[in-house]
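Summary of structural features
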Amino acid sequence: MGRDRDLRFRVVTRVQRYLANPLTRRLPFHTLVETTGRTSGLPRRTPVGGRRVGRAFWFVSEYGEKSQYVRNIQADPRVRVRVGGRWHHGTAHLLPDDDPRARLASLPRMNSAAVRLVGTNLLTVRVDLTD
C-alpha cells in the first residue's frame, strides 16, 4: 500500500506542478494561497479549494506535511489568500486534530471530491484573515 500511495503522490504532484497549477494560477477568480518559499524566500502561489467563513479561510491539503506549501507554512505561517479576485493577508494554522473528511463536506464540492480522490494524508488548514 505504501508503494501505491507514493506513486500516486509523485504522479499527481507532477501533473499539478507542471500542468494544472500554472494554468489555474492564471484564472483571475480562482482561489490561491501565497506562501513564502522556505529556502528561496520568494512568493509561491498554489491553487486551493476552500471557503471563507467570517474572518477565516478554510481548506484541506491533500498531502499534509508532504505538500510544499504546507512545509512553507511551517517555516513562515504568514500567507496571503486570493478569494474572489481579492487578496487578503493572514496567518495559517495547521490543524492535525481537525477531521479533514468532515471539513471537506463544508467546502466546495468539486475540489473536495478531487482532494478525497487523490489525497493520501489529508490535513486541515485555517487561515485567520487580518484584512
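Just above sits the structure.
Presented here is an overview of the structure given in this document.

Scoring rules and cut-offs
Residues numbered from 1 in each chain as written. Predicted model: local features only at pLDDT ≥ 70, side-chain atom pairs only at ≥ 80, totals over all residues. Heavy atoms only, no water. Buried < 20%, exposed > 50% of the residue type's maximum accessible area, 1.4 Å probe, protein only. Helix = DSSP H or I, 4+ residues; strand = E, 2+ residues; numbered from the N terminus. Pairing = 2+ DSSP bridges. Axes fitted to C-alpha atoms, helices over the stretch in contact; angles between N-to-C directions. Salt bridge = Lys/Arg side-chain N within 4 Å of Asp/Glu carboxyl O.

A closer look at the pairing of strand β1 (residues 32–36)
For β1, the buried fraction is high: four of the five residues fall into the buried class. In the sheet, β1 pairs with strand β2 (residues 43–47) via five bridges, with the strands oriented antiparallel. For L32, the partnering residue across the bridge sits in β2 and is P47. Connecting β1 to the next strand, β2, in antiparallel fashion are six residues, including G41 with a positive phi near 80°.

Quick word on the sheet that holds strand β5 (residues 78–83)
If you walk across this open sheet you meet the seven strands as β2-β1-β5-β6-β7-β4-β3, and the pairing is antiparallel. The sheet is open, and its two edges are formed by β2 and β3 (50–53), each paired on a single side. Averaged over all neighbouring strand pairs, the angle between strand axes comes to 30°, with direction disregarded. Two strands pair when backbone bridges link them, and β3 and strand β4 (residues 56–61) are joined in this way by four bridges, in the antiparallel orientation. Within β4, the residue paired with R52 across the bridge is F57.

A look at the pattern of salt bridges
Two side chains bearing opposite charge may form a pair once their charged atoms approach each other closely. By the definition in use, this model includes five salt bridges. Here E34 and R80 are joined by a salt bridge, their closest N and O atoms 2.8 Å apart. In this pair, E34 is assigned in strand β1 and R80 in strand β5, connecting sequence segments 46 residues apart. Here D76 ties to R78 by a salt bridge, and the two come within 2.9 Å at their closest N and O atoms. In the salt-bridge network here, residues are joined through shared partners; they are E34, R45 and R80.

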